[in-house]
Amino acid sequence: MKKIIVPIDFSEHSEFALEAAASLAQKFGSELIVLHMLELSNAIISSANDTLSQEAVFYLKLAEQKFDTFLDKPYLKDIKVTPIVKHFKVWSEVNDIAIEHDANLIVMGSQGASGFKEVLIGSNTQKVVRHANIPVLVIKHNPILLDFENAVFASDFEEEAVKPYLKAKETFDALGTNMHLVYVNSPDGNFRSSSEIDKKIAAFLRIAEGGLDNLKDVNVVSDYSVEKGILNFANVIGADVIAVATHGRKGLSHFFDGSVSEDIANHSTLPVMTFKI
């Protein structure tokens, strides 16, 4: 894990993310790329001669000054930190920064969203989760201890989930984390019989692992919804982090179909790590 991106807005929750990322950086010797996006309008960004306007330059310099205070933290000692200020307007562009710097992980803070705000606007964290091609770790609280002893990896065990499963396994093996697999059988997730579930999980493991040695590690639970099943199972086993695969749905597909991964990232009190399908 050579590079970790931490998008910040200088809020308390982005500081939680920064501290969590610093903990991982200490463990892996990673560089932290701390990113602040101004989200300026085109009118402010460009002047008549297509250069940054004086107002845009003012906001850029102000953000750079805030970095000096925000990054003055004892837990960043001996960690390579690269601050970046961009005048992006769209949070999906965090993925462009990740590609440019060949980053391995994005760590974000989130206080969640609910009701109409969640449906019609969505949080910035949701937007990053939706577009990121690398894993995204969502932090909700002050990471007093970031020792991930137990992780829940929730899956529908379709063949397309093999790649994110293997990436999650690689990530948690590196962290020394015990990964618990869970399948939630629910009315909103195409309810299946026990034999159908067994066949689906067995077929998945044969593709992913080449055998059924890990079949005993798969937990099948029933609940009213997939989201509730994942959260309840995580609570029962005392999980430290929840991992889910995401399709990264966009536009109308996202609006009508929703995304369990984004709902989990938005509503869970535990850290959530998403892996793109």
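The following refers to the structure shown. (Residues numbered from 1 in each chain as written. Predicted model: local features only at pLDDT ≥ 70, side-chain atom pairs only at ≥ 80, totals over all residues. Heavy atoms only, no water.)

1. Section: the pattern of salt bridges
A complete count under the given rule lists 4 salt bridges for this structure. A salt bridge links E31 to K80; the nearest nitrogen and oxygen atoms lie 3.9 Å apart. Residue E31 is located in strand β2 (residues 31-37), and its partner K80 is located in the loop between α3 (54-70) and β3 (81-86); the two are separated by 49 residues in the primary sequence. One salt bridge connects K200 with E158, and the closest N-O pair in it is separated by 2.7 Å. One end of the pair, K200, is in helix α8 (residues 194-209); the other, E158, is in the loop between β6 (150-154) and α7 (162-175), with 42 residues separating them in the sequence. Exposure remark for K200: the relative accessible area of 16% places this residue in the buried category. By relative accessible area, which is 29% here, E158 ends up partly exposed. If you follow the salt bridges from partner to partner, you end up with E158, R192 and K200 in one network. (Salt bridge = Lys/Arg side-chain N within 4 Å of Asp/Glu carboxyl O. Helix = DSSP H or I, 4+ residues; strand = E, 2+ residues; numbered from the N terminus. Buried < 20%, exposed > 50% of the residue type's maximum accessible area, 1.4 Å probe, protein only.)

2. Some points on the nonpolar core
Looking at soluble globular proteins, one finds that nonpolar side chains tend to be buried together. Among the nonpolar cores identified, the biggest contains 50 residues, and L18, L32, V107, L137 and F172 are the most heavily contacted of them. Looking at this core element by element, the count peaks at 8 residues for helix α1 (residues 12-28). Setting aside chain neighbours within four positions, we find V107 in contact with I4, I5, V6, P7, A17, A20, A21, L24, L137 and I139. Core analysis: the next-biggest nonpolar cluster, separate from the first, contains 31 residues, I106, A132, V182 and V226 among them. (Core = buried A, V, L, I, M, F, W, Y, C linked by side-chain atoms within 4.5 Å. Contact = heavy atoms within 4.5 Å.)

3. What about the packing of aromatic side chains?
Counted under the stated rule, the structure contains 7 aromatic pairs. Seen in terms of ring centroids, Y165 and F204 are 5.5 Å apart; in terms of plane orientation they differ by 65°. Their pairing is edge-to-face. One end of the pair, Y165, is in helix α7; the other, F204, is in helix α8, and 39 residues separate them in sequence. Residue classification places Y165 among the buried positions, given a relative accessible area of 2%. According to the relative accessible area criterion, F204 is buried, its value standing at 2%. By way of ring pairs, the aromatic residues F153, F157, Y165, Y183 and F204 are connected into one cluster. One residue, K73, lies across the ring of F70, its end atom 4.8 Å from the ring centre. (Phe/Tyr/Trp six-rings, centres within 6.5 Å; stacked < 30°, edge-to-face > 60°. Lys NZ or Arg CZ within 6 Å of the ring centre and 35° of its normal.)

4. Focus: the environment of D223
Structurally, D223 can be placed in the loop between β8 (218-222) and α9 (226-237). The sequence separation of D223 and V184 amounts to 39 residues, and the corresponding C-alpha distance is 6.9 Å.

5. Some thoughts on the environment of N133
Inspection of the secondary structure assignment puts N133 in the loop between α6 (124-131) and β5 (136-139). In sequence terms N133 and I106 are 27 residues apart; their C-alpha atoms lie 9.9 Å from each other. For N133, the contacting residues outside a window of four places in its chain are N95, I99 and K276. A distance of 3.3 Å separates a polar atom in the side chain of N133 from a polar atom in the side chain of K276. (Polar contact = N/O pair within 3.5 Å; in protein donor to acceptor, adjacent residues only side chain to side chain.)

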